[in-house]
Amino acid sequence: MKYEKLANELIAAVGGKENIAGLTHCMTRLRFELKDETLADDAAIEGNAEVMSLIKKGGQYQVVIGSYVHDVYLAVLELAGIKEEKKEDAGAEPKKKSNFFGNLLNSIIAVIGPLIPILVATGLGKCILLVVSMLGWADAESSFAYYIFQFVFDAGFTFLPVFVAINAAKHFKCNVMLAALLGCSLVHPSWNAVAQTAPQVIGKFWSLPVYGIKYTSTLIPAMLVVWVMAKVEHKLEEIIPEFAKSLLVPLLTVLIMVPLTFIVLAPSMGILSIYFGSALLWVYNTFGMFGLAAMNIVYPWIVATGTHAPLALAGIQILSTNGYDPFSRTLTLTANAAQGTAAIACALKTKNKSFRSTALSAAFTAFFAGITEPCIYGVSLKLKRPMYAVMIGCGAGGLYAGLVGLKAFAFMTPSVLNFAMWIGGEGMSNLVHAGITALISIVVTFIATWILGFEDPVEE
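Note that residues are indexed from 1 along each chain, following the sequence as it is written. Where local features are concerned, this predicted model is filtered to residues with pLDDT of at least 70; where side-chain atom pairs are given and counted, the filter is 80 or more; whole-chain, interface and lining totals use all residues. With hydrogens and water stripped out, all remaining heavy atoms of the structure feed into the side-chain values.

Another point: a nonpolar patch on the surface. A residue counts toward a patch only above 30% relative accessible area and without a salt bridge, and it is joined to like-charged neighbours within 9 Å or, for Val, Leu, Ile, Met, Phe, Trp and Tyr, to nonpolar neighbours within 5 Å. Throughout, the Shrake-Rupley method with a 1.4 Å probe supplies accessible areas, and for residues the shown protein chains are the sole cover considered. The working definition used for a salt bridge is a side-chain nitrogen of Lys or Arg within 4 Å of a carboxyl oxygen of Asp or Glu. Taken together, the side chains of Phe-144, Tyr-147, Ile-148, Phe-151 and Val-152 define a hydrophobic patch exposed on the protein surface, amounting to about 490 Å² of accessible area. For Tyr-147, the position within the fold is in helix α6 (residues 144–158). Helix and strand definitions here come from DSSP, where helices need a minimum of 4 consecutive H or I residues and strands a minimum of 2 consecutive E residues; each element is numbered from the N-terminal end.

Shown next, in the form of structure tokens:
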């Protein structure tokens, strides 16, 4: 096993496999849920050469590993003898509860994370079709192949509630097929035929008002519906006799969830999703480039604390509603460019060969994969002053992006390989503005890093 040694060290440092109540991971971090966090050895974790950083937030014990985190995750699961999304044993000490925001953030990460490949594939696919159409090579009227690709790429966003429902069912441990059924009902053609884009009463359900809202391309409604469905299903399994469970549990679950879904849960979350995206757009439209620049300055710290998922969620909502995102993707564009540049500047200035190698590999990851955690924990945050340079570079890039009204037309992580996400609108001007935004962040960050300097790590 490639990462057996590291996995064993991590298991021992968190208090042994008996202390692990649950384990998930994102793109760079192992997210442990520990039964007793006091048993963990923070010093052993932070002193491990293969660990970038340790973060304790939202009820989770987050160990930042890097781009190979999934391999380490699988090794820990195997060596600890636990299953993915492991439930606590009945007689085990219950894990401590985290706050509401922490639970919400954990659920968003677990449910939305697996959807990123769909969003990337369909978003980039739509960009390719746009380029093909702009060049006059084909369109939906002249090419049936173009027509098929078009509705397939549109399906990624149209049926987003279905994908969310399936992942949410796995996360909340309830019947996946019933969850998928509820997700499909939210985007059913019959519902879309009577639903409206703005919340308004379209009928009565047992004399209760029903708000007609289109749920295609939404995330939060399906997530809440499945969370409640899990509670209902588990309760029915407790009270219904064993001989009738296979018949009554599915039927009663659907009978209970249909009115809850369309009268209470989906409308409330649909309205919340609309206002959530509208609130960010209001900040953007009201404060313009200064509001965007301010958000860009603090965004590297938001990523460092692992609390950037809600902004990505808002970006998906804005993109699906308006066809473009002028906010969340700009934040990541400037941050990725600035973090990668700070790492390169440090690599050029350091006399430590080992650190230079680390910084260069971190910069490559930021520029070509759009993953900045190696830069944050291995370079900028570790050396402190480069992090301030990153903030300056992000602010400068955000100021220009707000001035020209930069927009992303696909939900992807900004990187050299994903630059097509900025193609849209009239001509190629938006793509040019994206390049200038990144260039400003790069130049300003490099100069700021060189001027501010840093305490060169001592070579061991």
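The subject of this paragraph is the nonpolar core. Nonpolar cores were defined as sets of buried Ala, Val, Leu, Ile, Met, Phe, Trp, Tyr and Cys residues, with membership established by side-chain atoms within 4.5 Å. Accessible area is worked out with a 1.4 Å probe on protein chains only. A residue is then buried under 20% of its type maximum, exposed over 50%, and partly exposed in between. Ranked by internal contacts, the top residues of the largest apolar core, which has 46 residues, are Ile-112, Leu-160, Val-164, Leu-219, Val-226, Met-257 and Ile-316. Every element with two or more residues in this core is listed here: α4 (100–112), α7 (160–172), α8 (176–186), α10 (220–239), α11 (245–304) and α12 (309–322). Ranked by residues supplied to this core, first place goes to α10 with ten residues. Those residues in contact with Ile-112, other than ones at most four positions away along the chain, are Leu-219, Met-223, Leu-313 and Ile-316. One finds Tyr-299, Leu-333, Ala-408 and Ala-410 within the second-largest nonpolar core, a separate group that totals 34 residues. Whether two residues are in contact is decided by their heavy atoms: any pair within 4.5 Å suffices.

All right, on to the sheet that holds strand β4 (residues 60–64) then. With antiparallel pairing, the four strands of this open sheet are ordered in space as β1-β2-β4-β3. One side of each edge strand has no neighbouring strand; the edge strands of this open sheet are β1 (20–25) and β3 (53–57). Adjacent strand axes in the sheet meet at a mean angle of 20 degrees, parallel and antiparallel pairs treated alike. One bridge is not enough; two strands pair if DSSP finds at least two bridges between them. Note that β1 and strand β2 (residues 29–34) share five bridges and pair antiparallel. Residue Thr-24 lies in a different strand from β2, and its bridge partner there is Arg-31. Under this scheme, a helix contributes an axis fitted over its contacting stretch, all axes are lines through C-alpha atoms, and angles between N-to-C directions fall in the 0 to 180 degree range.

On to the environment of Leu-6, then. Its location among the elements puts Leu-6 in helix α1 (residues 4–13). A residue is classified by how much of its surface remains accessible, and Leu-6, at 1% relative accessible area, is buried. Sequence separation of Leu-6 and Phe-368 is 362 residues, and the distance between their C-alpha atoms is 26 Å. Those residues in contact with Leu-6 that lie beyond four places of it in its chain are Asn-48, Glu-50, Tyr-68 and Val-72.

For the pair helix α14 (residues 353–369) and helix α15 (residues 373–383), interaxial distance at closest approach is 8 Å and the crossing angle is 125 degrees. Overall, the two elements α14 and α15 adopt an arrangement that is oblique. Crossing of α14 over α15 shows left-handed handedness. On α15, the residues that touch Phe-355, Ala-359, Ala-362, Ala-363, Thr-365 and Ala-366 of α14 are Pro-374, Cys-375, Gly-378, Val-379 and Leu-383. In this classification, Asp, Glu, Lys and Arg are treated as charged, Ala, Val, Leu, Ile, Met, Phe, Trp, Tyr, Cys and Pro as nonpolar, and every other residue, Gly included, as polar. Residues belonging to the contact of α14 with α15 are distributed by class as follows: nine nonpolar, two polar and no charged. Reported orientations rely on four angle classes, namely roughly parallel under 35 degrees, roughly antiparallel over 145, roughly perpendicular from 65 to 115, and oblique for the rest. Helix crossings are classified by the rotation of the near helix relative to the far one: an anticlockwise turn of less than a right angle makes the crossing left-handed, while a clockwise turn makes it right-handed.

Although it is not a glycine, Lys-173 sits at a positive phi angle of roughly 60 degrees. At Trp-206, a residue that is not glycine, the phi angle is positive and equals roughly 55 degrees. Structurally, Trp-206 is set in the loop between β5 (201–205) and β6 (208–211). Relative accessible area serves as the criterion here: at 68%, Trp-206 is assigned to the exposed category.

Attention shifts here to the packing of helix α13 (residues 328–349) against α14. Where α13 contacts α14, the two axes come as close as 8 Å, and the packing angle between them is 160 degrees. Classified by the interaxial angle, the pair formed by α13 and α14 is roughly antiparallel. For the pair α13 and α14, the sense of crossing is left-handed. Across the interface between the two elements, Asn-336, Ala-337, Gly-340, Thr-341, Ala-343, Ile-344, Cys-346 and Ala-347 from α13 touch Phe-355, Arg-356, Ala-359, Leu-360, Ala-363, Ala-366 and Phe-367 from α14. A breakdown of the residues in the contact of α13 with α14 according to their chemical character gives eleven nonpolar, three polar and one charged.

Of the residues making up α8, those classed as buried are Leu-178, Ala-179, Ala-180, Leu-182, Gly-183, Ser-185 and Leu-186. For the purposes of these results, a polar contact is taken to be a pair of N or O atoms within 3.5 Å, where, inside protein, one atom must be able to donate a hydrogen and its partner to accept one; residues adjacent in sequence count only when each atom of the pair is a side-chain atom. With a side-chain oxygen lying 2.9 Å from the backbone nitrogen of Met-177, the N-terminal cap of α8 falls on Asn-175.

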